[in-house]
Amino acid sequence: TKCESGCVCADGLYENLDGRCVPAEECPCEYGGLAYGRGEQIQTECEICTCTKGKWKCVQKTRCSSTCNLYGEGHITTFDGQRFVFDGNCEYILAMDGCSVNRPISSFKIVTENVICGKSGVTCSRSISIYLGNLTIILRDETFTISGENPGVRYKVKKNALHLMFDIIIPGKYNMTLIWNKHMNFFIKISRETQETICGLCGNYNGNMKDDFETRSKYVASNELEFVNSWKENPLCGDVYFVVDPCSKNPYRKAWAEKSCSIINSHVFSACHTKVNRMPYYEACVRDSCGCDVGGDCECMCDAIAVYAMACLEKGICIDWRTPEFCRKF
């Protein structure tokens, strides 16, 4: 009905991200804020997706696994990819099965115990307890202890300079790889052969990020603190009411934290920047580096950078970022 200034593409052509008009076959696809050309692929732990005419066509992998990360001072990425941070001085259930009302029998439970590790009130994971029926594995003080036995569970322990790794098989149910850096970082990689429901701070592992804040009482919490408080292992612990911002409490540390963590944004990790969004890892690094104010500050910073390096490795990109002067291997 009226003329408006601007440009349109001719029939059968579409505008791409460069502003050029191209046929549908050349339309790019978007993922994580990045553009991918025709035929390019991205891989998640469950799918291989190919860019076709501007849309992703995804094929399910035969074996699907997912990873939950607990790192630094209370940062969690759930199995379905939801991120949050909390500061709580208590034991919390990270993940367990047997959550449904119909099948309340649990074959595994993983619990983290947090303690205060800075004057600003931030916490860091001190120990991890893995309960597999009558078999218990405790990770604490840079080592582990095993007690009891469960003939229905197979496990193997592997060590390297930086990590302790546990391969655990519960036949017919789960294959799990647990990776602990002997400090604050803990990863649960799990693939399952059952539709058994999983619950805890790592979420319900149903592929939907939006309902990951499901509480122990089976409703979706309105915020992460309500969700976190519901998964306390010891009900006598105090509730968490707010999340500390260590850089506000320790502003004198912020410049050092930002400078130290800037390696994540630098050319050192450039090969990974298009594969893994670096900003959440950079922000977590700055937060943790501000918070570790009673010693171990470099360790906190190095642990945070290592989480980004591991996320890059998951995408097939190995970054050699440690040097004798910076976060050296011991």
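About the criteria used
Residues numbered from 1 in each chain as written. Predicted model: local features only at pLDDT ≥ 70, side-chain atom pairs only at ≥ 80, totals over all residues. Heavy atoms only, no water. Helix = DSSP H or I, 4+ residues; strand = E, 2+ residues; numbered from the N terminus. Rg over C-alpha atoms; globule rule 2.2 N^0.38 Å. Buried < 20%, exposed > 50% of the residue type's maximum accessible area, 1.4 Å probe, protein only. Contact = heavy atoms within 4.5 Å. Core = buried A, V, L, I, M, F, W, Y, C linked by side-chain atoms within 4.5 Å. Domains from an automatic or database assignment. Pairing = 2+ DSSP bridges. Expected span 1.5 Å × (residues − 1). Axes fitted to C-alpha atoms, helices over the stretch in contact; angles between N-to-C directions. 1 Å grid on protein atoms, 1.4 Å probe; cavity = no way out; pocket = protein on both sides within 12 Å on 5 of 7 lines; lining within 4 Å. Points joined across faces, edges and corners; volume = space filled by probe spheres on them. Phe/Tyr/Trp six-rings, centres within 6.5 Å; stacked < 30°, edge-to-face > 60°.

With an unreviewed UniProt entry as reference, the protein is termed MUC6 protein, source organism Grantiella picta.

## As for the overall build of the protein
Assigned secondary structure in the protein consists of 6 helices and 20 strands. A compact globule built from 330 residues should have a C-alpha radius of gyration of about 20 Å, and the protein, at 22 Å, falls within 12% of that. Along the longest, intermediate and shortest principal axes, the C-alpha atoms of the protein span 75 × 55 × 40 Å. The burial tally for the protein puts 46% of its 330 residues in the buried class. Restricting the contact set of the protein to residue pairs at least 6 apart, pairs at least 24 apart contribute 48%.

## So, the nonpolar core
Ranked by size, the top nonpolar core spans 47 residues in total, and within it Leu94, Phe108, Leu132, Ile168, Phe186, Ile188 and Leu201 carry the most contacts. Residue contributions to this core peak at 5 residues, all from strand 11 (residues 91–97). Discounting residues that sit within four places of it in the chain, Leu132 has contacts with Ser107, Phe108, Ile137, Asn150, Val153, Ile168, Ile170 and Met176. By size, the runner-up hydrophobic cluster in this structure holds 33 residues, among which are Phe269, Tyr281, Met310 and Ile317.

## A look at the domain arrangement of the protein
The domains assigned to the protein are domain 1 (13–60), domain 2 (65–230) and domain 3 (246–315). Domain 1 and domain 2 are separated by 35 Å when their C-alpha centres are compared.

## So, the pairing of strand 8 (residues 65–71)
Here strand 8 lies mainly inside the structure; 7 of its 7 residues are buried. Residue alternation in strand 8 divides its side chains into two sets, Ser65, Thr67, Asn69 and Tyr71 and Ser66, Cys68 and Leu70, and both sets are buried. Sheet analysis places strand 8 next to strand 9 (residues 75–77), joined by 3 bridges and oriented antiparallel. Looking at strand 9, one finds that Asn69 is bridged to Thr77. Hairpin connection between strand 8 and strand 9: a loop of 3 residues separates the two successive antiparallel strands, and Gly72 in this loop has a positive phi of roughly 60 degrees.

## A look at helix 5 (residues 279–291)
Taking 1.5 Å of rise per residue, the 13 residues of helix 5 would be expected to cover 18 Å, and the 18 Å separating its terminal C-alpha atoms lies within 8% of that figure. Taken across its 13 residues, helix 5 has 10 buried, putting it largely inside the fold.

## What to know about the sheet that holds strand 10 (residues 83–85)
With antiparallel pairing, the 7 strands of this open sheet are ordered in space as 10-9-8-19-18-17-16. Each of the sheet's edge strands pairs with one partner strand only, and the pair in question is strand 10 and strand 16 (154–159). Taken over all neighbouring pairs, the strand axes of this sheet differ in orientation by 15 degrees on average, direction set aside. Sheet topology note: the strand 8/strand 19 (residues 186–192) ladder contains 6 bridges and is antiparallel. Across the sheet, residue Thr67 finds its bridge partner in strand 19, namely Lys189.

## Some thoughts on the layout of surface pockets
Looking at the second largest pocket, its volume works out to about 810 Å³. Considering the residues around the second largest pocket, the lining is formed by 31 residues, among which Leu162, Ala306, Trp321, Arg322 and Lys329 are closest to the centre. Among the elements that take part in the lining of the second largest pocket, helix 6 (residues 297–314) stands out by supplying 10 residues, more than any other.

## Structural notes on the packing of aromatic side chains
Overall, the coordinates contain 14 aromatic pairs when judged by the stated rule. Relative to Tyr281, the ring of Tyr71 lies with its centre 6.4 Å away and its plane at 20 degrees, an arrangement referred to as stacked. Taken as a pair, Tyr71 in strand 8 and Tyr281 in helix 5 lie far apart in primary sequence, 210 residues in all. Take Tyr281: its relative accessible area is 6%, and that puts it in the buried class. A ring pair is formed by Phe144 and Phe166, whose centres lie 5.4 Å apart and whose planes are at 90 degrees; its orientation type is edge-to-face. With Phe144 in strand 15 (residues 143–147) and Phe166 in strand 17 (residues 164–170), this residue pair connects regions lying 22 residues apart in the sequence.

## Section: the sheet that holds strand 7 (residues 55–60)
With antiparallel pairing, the 3 strands of this open sheet are ordered in space as 5-6-7. At either margin of the open sheet sits one strand with a lone partner, and together these are strand 5 (41–43) and strand 7. Strand after strand, the sheet turns through a mean of 25 degrees between neighbouring axes, direction not considered. Pairing between strand 6 (residues 47–52) and strand 7: 6 bridges, direction antiparallel. Each bridged residue has a counterpart across the sheet, and for Ile48 the counterpart in strand 7 is Val59.

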